[in-house]
Amino acid sequence: HEAPSRERGLPLAALLFQSPHGGDRDRQYPEISAEHPDTPSIGLGINDNGGFCECEDCAQANGAAGRGNNKSEVYFKWVNRVAEAVAKEFPNVYFGLLAYSQTYIPPSFPLHKNVVPVLTIDLYSCVDPDVMAKHKKTITEWSAKASVLGVWDYCWGNKYYLPRVYFNLHAEMLKFLHAHHCRAYFAENEFVNAMDGPKMYLVSRLMQDITADPDAILDDWYVRCVGRAAAPHLKAYFDACEAFYRSPEIKRTPWYASRNSVYMSYYDFSWMNAVKPGGLDAFRTPLEQAVRLASTPSEKARAERILLHFAYAEARMRLCGAEALSPE
């Protein structure tokens, strides 16, 4: 429970910014007081649907023409004032908040050292070189404004019937974030099944050691999951999934157009239109081989469970027109 610090060189870690006490009073009066001396942090995140002041003073404070949809100047000025006032009496309290939508771009001034902005990024969107360059530029700019950063990763997999994995890209962006003082990580996902395979295991291992080799982590997972003989086939399945989400066809779908949004539109199922005729059988074949070659009962059970998940995904995609509809 140490406070995040880039000086201490802590590993990438999952942190929650909230009062440990809860209750109606905390929701109404989130200030630090003598009644809550052990509160480690306070959330100052913006509302999900905006709601910024539209007065002339605020528009001027945000720069020319209100800097469009960017409200970072007035918002972070307020955040700094709150942090400065609280830190006079409670110097070890941190303030977590989201650099989200209207506050994603950093302000023109540095933040108080106790403020931890958490950048909201769907790391998959960095599959587009221009989007990756945009996010890396913003991350670099933020690292000059804040003493420590976090990332809110929209790494949804459960909304995508075919595993939305992007292992090497995921690792590259996490390493870049860590190099730019990111020490907090949050995954927005629903982990209710095995569809994602080793995706979040890879993330958790990189949190422990950001210098680790992602390919070695994945290879170890495949062997531990289904055994050494079946592992190459399980790897082939997830490699095929990653190739699918990088394919020229996926980039022609309406879903892919959301790459410039805060997160990829997980309610737009047109991504499955990128499956070519006969493409679903190509995913199934290596999984069937993994089931056949898994040796121990536990290895075979895990391989069968992953194949079962694919059978569910396959049925849903066929019902929705995968293989039959064009990417557009």
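These lines cover the structure that appears in this document, whether it is placed above or below.

Reading the values: the criteria
- Residues numbered from 1 in each chain as written.
- Predicted model: local features only at pLDDT ≥ 70, side-chain atom pairs only at ≥ 80, totals over all residues.
- Heavy atoms only, no water.
- Helix = DSSP H or I, 4+ residues; strand = E, 2+ residues; numbered from the N terminus.
- Contact = heavy atoms within 4.5 Å.
- Areas by Shrake-Rupley, 256 points an atom, 1.4 Å probe, with all protein chains shown as cover.
- 1 Å grid on protein atoms, 1.4 Å probe; cavity = no way out; pocket = protein on both sides within 12 Å on 5 of 7 lines; lining within 4 Å.
- Points joined across faces, edges and corners; volume = space filled by probe spheres on them.
- Nonpolar A, V, L, I, M, F, W, Y, C, P; charged D, E, K, R; others polar.
- Expected span 1.5 Å × (residues − 1).
- Buried < 20%, exposed > 50% of the residue type's maximum accessible area, 1.4 Å probe, protein only.
- Arc of directions from axis to C-beta.
- Polar contact = N/O pair within 3.5 Å; in protein donor to acceptor, adjacent residues only side chain to side chain.
- Salt bridge = Lys/Arg side-chain N within 4 Å of Asp/Glu carboxyl O.
- Pairing = 2+ DSSP bridges.
- Right-handed = clockwise from strand over helix to strand, strands pointing away.
- Axes fitted to C-alpha atoms, helices over the stretch in contact; angles between N-to-C directions.
- Parallel < 35°, antiparallel > 145°, perpendicular 65-115°, else oblique.
- Left-handed = near helix turned anticlockwise from the far one by under 90°.

1. Some thoughts on the overall build of the protein chain
What the protein chain contains, in helices and strands, is 10 helices and five strands. Once local pairs closer than 6 in sequence are excluded, the contacts in the protein chain between residues at least 24 apart make up 72%. Roughly 15,600 Å² of accessible area belongs to the protein chain as shown, and the carbon and sulfur atoms make up 55% of that amount.

2. Digging into empty space enclosed by the protein
Applying the stated rule across the entire model yields one cavity of 30 Å³ or more. By volume, the largest cavity is sized at about 40 Å³. In terms of lining, the largest cavity is formed by Y161, P163, A194, M195, Y237, F238, I306, H309, F310 and A313. Of all the secondary-structure elements, those providing two or more residues to the lining of the largest cavity are helix 8 (231-244) and helix 10 (297-319). The element contributing the most residues to the lining of the largest cavity is helix 10, with four residues. Taken together, the residues of the lining of the largest cavity sort by class into nine nonpolar, one polar and no charged.

3. A short note on helix 4 (residues 129-143)
Given a rise of 1.5 Å per residue, 15 residues ought to cover 21 Å, and the 21 Å separating the end C-alpha atoms of helix 4 matches this to within 8%. Of the positions making up helix 4, those classed as buried are V131, M132, H135, K136, T138, I139, W142 and S143. Buried positions in helix 4, seen along its axis, are confined to an arc of 165 degrees and lie on one side of it. Exposed side of helix 4, more than 90 degrees from the buried face: P129, D130 and K137 are the residues found there. Packed against the buried residues of helix 4 are helix 3 (72-87), strand 2 (94-99), strand 3 (115-121), strand 4 (149-153) and helix 5 (167-179). Between the side-chain oxygen of the N-cap and the backbone nitrogen of D130 there are 2.8 Å, and the N-cap of helix 4 in question is D128.

4. Quick look at the pattern of salt bridges
It is possible for side chains of opposite charge to pair when their charged atoms get near one another. Scanning all chains against the criterion turns up 15 salt bridges. Among the ionic pairs, K276 bridges to E249, the shortest N-O distance being 3.6 Å. Separated by 27 residues along the polypeptide, K276 in the loop between helix 8 and helix 9 (279-293) and E249 in the loop between helix 8 and helix 9 bring together distant segments of the chain. Owing to a relative accessible area of 16%, E249 belongs among the buried residues under this scheme. One salt bridge connects R252 with E328, and the closest N-O pair in it is separated by 2.8 Å. In this pair, R252 sits in the loop between helix 8 and helix 9 while E328 sits in the segment after helix 10, placing the two residues 76 residues apart along the sequence. On the basis of relative accessible area, E328 is assigned to the exposed category, the value being 52%.

5. Section: helix 5
The end-to-end C-alpha distance of helix 5, which contains 13 residues, comes to 18 Å, matching closely the 18 Å that a straight helix rising 1.5 Å per residue would cover. Buried within helix 5 are the following residues: F167, L169, H170, A171, M173, L174, F176, L177 and H178. Buried positions along helix 5 lie against helix 4, strand 4, strand 5 (182-187), helix 6 (199-208), helix 7 (214-226) and helix 8. Within two residues after helix 5, H181 carries a phi angle of roughly 75 degrees, on the positive side.

6. A few points about the pairing of strand 5
Most of strand 5 is tucked away, with five of its six residues classed as buried. Relative to strand 5, strand 4 is paired through five bridges, and the arrangement is parallel. Paired with L149 across the bridge in strand 5 is C182. Each parallel crossover has a hand, and for strand 4 linked through helix 5 to strand 5 it is right-handed.

7. Quick word on unusual backbone geometry
Phi is positive for H181, which is not a glycine, with a value near 75 degrees. Here H181 lies in the loop between helix 5 and strand 5. Residue classification places H181 among the partly exposed residues on the basis of a relative accessible area of 21%. A positive phi angle is found at E323, which is not glycine, with a value near 80 degrees. Along the chain, E323 falls in the segment after helix 10.

8. Section: the packing of helix 9 against helix 10
Two elements in contact, helix 9 and helix 10, have axes separated by 9 Å at closest approach and are oriented at 165 degrees. What the angle tells us is that helix 9 and helix 10 run roughly antiparallel. The handedness of the crossing between helix 9 and helix 10 comes out as left-handed. Within the contact between the two elements, helix 9 uses L280, D281, F283, R284, L287, E288, A290, V291 and R292 and helix 10 uses K300, A303, E304, I306, L307, F310, A311, E314, M317 and R318.

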